[in-house]
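# Observations on the model geometry
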Amino acid sequence: MKKKRNIKIILIFSGIFCIFLTLLIFKINLNNKQKDVWDSKLADETLTNILTQEANYVLVEHKMISSQFTQAILKNDNGTYKSYFINVKDGNLLNIEDIIKSEEQQNFKNKVHELIELKYPKFIADSLNYGNGNITYILKDTELIMYFYDFEINPKPLEELFLMIDYNEIKDYVNFPFHLKEEYERENGFTFDPTKKTVALTFDDGPNGSKTLRLVELLHQNKMHATFFMVGNRMATAPNVIKEVLKTGNEVGSHSYNHKNLTRLTKEELLEEEKSTNLIYKSITGQDLKLLRPPYGNVNDTMKQNLNLTFINWNLDTEDWRYRNTNHIYDSVINKVKDGDIILMHDLYETTIKAVEKLLPELYVRGFQVVSVSELANIKGQTLEVHKVYRSF
Ligand code: ZN
């Protein structure tokens, strides 16, 4: 009985010894392997301390960036990243400023600001550039990724806010080795995603001087477009407004010459309306008008058969001419808006402008792209045809 117990104890102890030996050999191997990559116990110790402190994070990657420092990337359950740059000589942590050339710090900052402004609408870009929050810098082979966390933005975007900076953009500023892609696409801030919800915004009855220009500014700040259906007899008075509307990617359509009810006109009168409106527009822009928003939305067969235009009506009416109330106009859109809508407004009223100011950022954070009518048709894979009436896509 006693002998059997002794054997048991010996077996258990030799088992434990074997495991210990295996672990020891494994550790020696690991150390040797790490020695090939970097020879810094101090960096490893720093990393161990970081991992102890950042209990909610797991280590995703720890690699040598240059002979000077390593990068440890951590991630938590929410998908939030943290990164640490560790000096291999002394194990101290480095900041982004330590890995940007000292004489190029300001140029680097300016470049980041510029790319953020290209990518994001103003209400987000301003906060990321001038507000407070946390930024995680991750160095990849051919690009630097910046993740932005906890910035105060109103309305609050649900999407992850980040910037991918190709090293081609900052090759003169960084102080570590990198690879350069031969070709790269620069951030342009206005690429349409056909899988996203998209609506067309339309403004009737202009051009209307500073009000039209203010809307153009708001659209541009939010990286959005609209179609302005203008009245022919007003166009001649505001050539510069028309040019300004077109400059930032908006579209101009006809809203007839005199804002008459076109269904009461003869064929000859209709053709005269079309001709005189187009003449003025062409003298200002060199282009022909292709779209018609019939006054009051009224269309008949005579119009459809004789006007070589595409008729664009709407399916979401804000009735901004009736309710001169910012909240009412805002609510009329935000409570009903859906993919493919054509929204009707007028560039006539201060209340409309105030509503648009509030509406555009809210549409953005709700995942809507706001575009011109032609862009909406294009995104929805439809070709606009003359003599046809469209209300939504
Ligand atoms: Zn009108």
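For the structure itself, consult the block above.
What you see is a predicted model, and the numbers here were worked out from it, not measured in a lab.

### Things to note about the sheet that holds strand E5 (residues 134-139)
Sheet architecture is open: three strands sit in the order E5-E6-E7, paired in antiparallel fashion. A strand with exactly one partner marks an edge of an open sheet, and here the two such strands are E5 and strand E7 (161-166). If you compare each strand with its neighbour and ignore which way they point, the axes differ by 20 degrees on average. Across six bridges, E5 lies against strand E6 (residues 143-149) in antiparallel orientation. Bridge assignment links Tyr137 to a residue of E6, and that residue is Met146. Helix H3 (residues 105-119) rests against E6 and E7 of the sheet, and its axis sits at about 120 degrees to E7.

### Concerning the coordination of the zinc ion
Taken together, the protein donors to the zinc ion comprise Asp205 (OD), His255 (NE2) and His259 (NE2), at separations of 2.1 Å. The motif formed by the donor residues of the zinc ion, counted along the single chain, is D-x49-H-x3-H. Of this pair, Asp205 sits in strand E8 (residues 197-206) while His259 sits in the loop between strand E10 (251-254) and helix H9 (267-285), placing them 54 residues apart in sequence. Relative accessible area serves as the criterion here: at 15%, Asp205 is assigned to the buried category.

Definitions and cut-offs
Residues numbered from 1 in each chain as written. Predicted model: local features only at pLDDT ≥ 70, side-chain atom pairs only at ≥ 80, totals over all residues. Heavy atoms only, no water. Pairing = 2+ DSSP bridges. Helix = DSSP H or I, 4+ residues; strand = E, 2+ residues; numbered from the N terminus. Axes fitted to C-alpha atoms, helices over the stretch in contact; angles between N-to-C directions. Contact = heavy atoms within 4.5 Å. Donors = N, O, S within 2.8 Å, 3.2 Å for Na, K, Ca; no water. Buried < 20%, exposed > 50% of the residue type's maximum accessible area, 1.4 Å probe, protein only.

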